[in-house]
Amino acid sequence: MPSHRDLKVWQRSHDLAARIYDATRGKPASTDPALVSQLRRSSQSIGANIAEGRGLGTNPQFRRHLDIALGSAAETEAHLTVCLDHDVLSAKVVFDLRDEVATVQRMLLALKASIPPQ
């Protein structure tokens, strides 16, 4: 069985987390550090759940972890919206990152649909 690193959706989610980390690096002290931390953690959780599910070795467990990754993607999108509302990140950055989250979500759904239940 190929590694999680071979999955395009894992690669894309890993790149998304890196982009979010870069976008939030060096924010001023007035920025809500808890919001930035939670945004980073939720984005990292997407790829971590793909990897964990793949590593467990059964289709039902993998599908379950893809659902968890979808939840983390939704959480990431919600945190990006709060970052926009509170001027933590610019509108262009938030819209670009939300587009990437949506792409990852579509890829997760397609991967999940391709995995037999058993």
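Bear in mind the structure is a predicted one, so any value in this text is a computation, not a measurement. (Residues numbered from 1 in each chain as written. Predicted model: local features only at pLDDT ≥ 70, side-chain atom pairs only at ≥ 80, totals over all residues. Heavy atoms only, no water.)

> Can you help me understand the nonpolar core in this one?
Soluble globular proteins: nonpolar side chains tend toward being buried together. The biggest cluster of nonpolar side chains holds 27 residues, and the ones touching the most others in it are Ile 46, Ile 50 and Leu 108. For this core, the element with the highest residue contribution is helix 3 (residues 59-85), accounting for seven residues. Not counting residues up to four positions away in its chain, the partners in contact with Ile 46 are Ser 13, Leu 16, Ala 69, Ser 72, Ala 73, Thr 76, Val 104 and Leu 108. (Core = buried A, V, L, I, M, F, W, Y, C linked by side-chain atoms within 4.5 Å. Buried < 20%, exposed > 50% of the residue type's maximum accessible area, 1.4 Å probe, protein only. Helix = DSSP H or I, 4+ residues; strand = E, 2+ residues; numbered from the N terminus. Contact = heavy atoms within 4.5 Å.)

> I tried to follow helix 1 (residues 8-24) on my own but got confused; where do I start?
Across its 17 residues, helix 1 extends 24 Å between first and last C-alpha, which sits within 8% of the 24 Å expected from 1.5 Å per residue. Looking at the buried residues of helix 1, the elements they touch are helix 2 (33-56), helix 3 and helix 4 (91-114). Following helix 1 by one or two positions, Gly 26 has its phi on the positive side, about 75°. (Expected span 1.5 Å × (residues − 1).)

> It is not clear to me how the packing of aromatic side chains should be interpreted in this structure. Could you clarify?
Summed over the entire model, instances satisfying the criterion amount to zero aromatic pairs. For the cation-ring pair, Arg 40 lies above Tyr 21, with the distance from its terminal atom to the ring centre recorded as 3.8 Å. (Phe/Tyr/Trp six-rings, centres within 6.5 Å; stacked < 30°, edge-to-face > 60°. Lys NZ or Arg CZ within 6 Å of the ring centre and 35° of its normal.)

> Just to check I follow, could you spell out the environment of Ala 51 for this structure?
For Ala 51, the position within the fold is in helix 2. Sequence-wise, Ala 51 and Thr 103 are 52 residues apart; in three dimensions their C-alpha atoms are separated by 18 Å. Ignoring sequence-local partners within four residues, the contact set of Ala 51 consists of His 4 and Trp 10.

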